[in-house]
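# Commentary on secondary and tertiary structure
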Amino acid sequence: MQQIKGTDKKYFTNCKQWYHRKICGHPTMITYECCPGYEKIPGEKGCPAALPLVNIYNTLGVVGATTTQMYSDRAKLRDEIEGPGSFTFFAPSNEAWAALPTEILDALVSNVNIELLNALHYHMVNRRLTSEELRHGSSFASMYQDFHVHIHHYSNGIVTVNCARLIKPDQHATNGIVHVVDRVITAISNNVHTLIDVDDDLETLRTAIAAAGLTNILESEGQYTIFAPTNEAFEKIPPETLNRILGDPIALKDLLNYHILKNMQCAESIVSGTPMETLQGTVLEVGCEGDQMTLNGKAIITKKDQLGTNGVIHYINELLIPDSAKTLLELADGSTVATATKLFVDAGLSSHLTGSEPLTMLSPLNEAFKGSLTMTPDMRRLMTNHILKEQLSSKSLYHGQELETLGGLKLRVFVYRNNLCIENACIAAHDKMGRYATMFTVDKVLAPPMGTVMDVLKADDRFSLLVGVIQTAGMTELLNQQGALTFFAPTNDAFNAMPKPEFSRLMRNPQELSAVLKYHLGEGMLVSGGVSGSHTRVKPLQGEKLELGVRNQTVYVNRIPVADADLMATNGVVHAMNSIIKPLPVKVDREQADGPAAPLRSAASSRLDSRSFRDDDLFQKVLKSRSSRTMNLSR
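Residues numbered from 1 in each chain as written. Predicted model: local features only at pLDDT ≥ 70, side-chain atom pairs only at ≥ 80, totals over all residues. Heavy atoms only, no water.

If you check an unreviewed UniProt entry, the protein chain appears there as Transforming growth factor-beta-induced protein ig-h3 from Scomber scombrus. According to the UniProt record, the Subcellular location (unreviewed entry) comment for the protein chain reads "Secreted, Extracellular space, Extracellular matrix". (UniProt positions renumbered as here; feature names shortened; annotations may be inferred.)

### A closer look at the packing of aromatic side chains
Across all of its chains, the model carries four aromatic pairs by this definition. Each ring, one from Tyr71 and one from Trp97, has its centre 4.7 Å from the other, and the planes form 65 degrees; the classification is edge-to-face. One end of the pair, Tyr71, is in helix H2 (residues 66-74); the other, Trp97, is in helix H4 (residues 94-99), with 26 residues separating them in the sequence. Under the relative-accessibility criterion, Trp97 is labelled buried at 2%. Arranged with centres 6.3 Å apart and planes meeting at 35 degrees, the rings of Phe414 and Tyr416 form a pair that is tilted. The same class applies to Phe414 and to Tyr416, which are both buried. Here Arg165 stacks its cationic end above the ring of Tyr11, 3.8 Å away from the centre of that ring. Over the ring of Tyr315 we find Lys303; its NZ or CZ atom is 4.3 Å from the centre of that ring. (Phe/Tyr/Trp six-rings, centres within 6.5 Å; stacked < 30°, edge-to-face > 60°. Helix = DSSP H or I, 4+ residues; strand = E, 2+ residues; numbered from the N terminus. Buried < 20%, exposed > 50% of the residue type's maximum accessible area, 1.4 Å probe, protein only. Lys NZ or Arg CZ within 6 Å of the ring centre and 35° of its normal.)

### Describing the nonpolar core
Within the largest apolar cluster, 43 residues are counted, with the highest numbers of intra-cluster contacts made by Phe90, Val161, Phe227, Val286 and Leu295. Elements represented by at least two residues in this core include exactly strand E10 (148-153), strand E11 (159-161), strand E12 (164-173), strand E17 (283-289), strand E18 (292-295), strand E19 (301-308) and strand E20 (311-316). The element contributing the most residues to this core is E17, with three residues. Judged by nonpolar contacts, the second largest core, of 28 residues, contains Val453, Met454, Phe487 and Val574. (Core = buried A, V, L, I, M, F, W, Y, C linked by side-chain atoms within 4.5 Å.)

### Description of the UniProt feature "domain: FAS1" (unreviewed entry) in the protein chain
UniProt annotation of "domain: FAS1" (unreviewed entry) refers to residues 50-185, 189-320, 324-446 and 450-581 when read in the numbering used here. In this annotation, residues 189-320 is assigned 33% helix and 28% strand; the end-to-end C-alpha distance for the span is 29 Å. Annotated as 21% helix and 23% strand, the span residues 324-446 places its first and last C-alpha atoms 26 Å apart.

### Section: helix H12 (residues 249-257)
Among all positions of H12, only Ala251, Leu252, Leu255, Leu256 and Asn257 are buried. Where H12 is buried, its residues meet helix H8 (203-212), helix H11 (239-246) and strand E15 (260-261). (Contact = heavy atoms within 4.5 Å.)

As structure tokens, this is what we get:
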């Protein structure tokens, strides 16, 4: 038995049904008990002594269901369950009887000849049924006017009858079998729609169901679970939101279907959080915390296990609104994108965020924003360019696709092995698909392209030396023409770190200078989000491959950190480098691309790394081989 610490609640377990020593978030103690009808023998393991079987009446006493035994006496049922026949008795435990409201118990006991006998007969089936035969979704005619009892046998081993859990199953008797259950069960004759129809607490829900045309579903045969929002739950929603949904048949149907599970889940069947599919097509996390049943981690269920012939109702005091019934502003109502949401509103974009336009909003995470967030014309323009002119799904995006923003810009899509990015901003969470619009959560504030690669370099003082070097090497046209390049661009600091004679010599040799620059130019566009943990390889325009990796959110190229990533251009992307990139040694530690080299390296390797371009034999070989190949091609 697994017993929840601090309670009397126990669960029979075996190797197939094991709750990992935690039930509804609470730790359990493992105990061992003799099955009723078996006893211990001193010095022997287990409970090997089998007692003779007795009839059902006496078995009730053996299994500890003494209150049921007492009421069987009062109701004149004893003769029947001591006599001939083969019965299954779902016997309420003593605690189950004690938990009944006093007025109900009094009503039963005061009229022993009719009500109590009827109640006990409803707990009986006129044949022997083991727990294995109690199959999921089955029902059996009881001995009270053939009203059926409804069985659910869950994959975690829990068996319920009318949502009462079998706590001591399969207690055999000479004339049948006893299953001890944790509550007194009552006959059910109404479907779930009728239950909703007669409850004043569900008046708003009743109106909504009728407006959405869901009456037929709730009256049909099935095994549904309905999380029924009370009137109080509807009143907690802002009136404008509620009126909008109630006036929109599609959103209303999605809202209600989000409260209905495809399968029947009694409260006692839940021992841990489990995602369950709704009629709306998404999932709800149905779980428990102690005695509380939870939805999406919140204890909002106020009344459990109201059973109908075609399902079960649990009452909730908060309305669950699925994404598919929300506006953009409602989708963005969360702490991870709160900064972006405020900026969208401050930029005067609320009408787009609450309207019915088909849009896609790119919402950067809070941590993506740095520095001052004052609303300026530039900031307003930037936020406008975070909204795309159509409703998209990230699953439909493809590499090279262009997306138009409300601000009139065209943004490019990049599909990498490990990421999906729009310009420099990569998708950081699942899409939120709203009623008319979609929200993509992205990891960075969008940096729209600002001119060609050459324009980006000219506009940034850090690259003033590089601009001159490019002109000397005759590569201005290459960096201005249409295409897709990744430039690991050396800053002034990178060139200043070179010995002056070496820099002067390079500047006098345009061909060698061009080879050095082309080693810093990758084919295709690679933003920082497209670099995986280690060993992302890029083919440079000249020379052997570049190896990239990420460590502590910094991208490294051949072990050199990128100083400033993702300067977006119309024909490529620029990553600022404060050091000149050199080829990696042939034999190198395998973490070469992820950051600084390991401290243990050979003397030869150290000498190789410390040489300048002039003395770096490996780099010179690369340059010469590429130069001679170029000359041969030109011939």
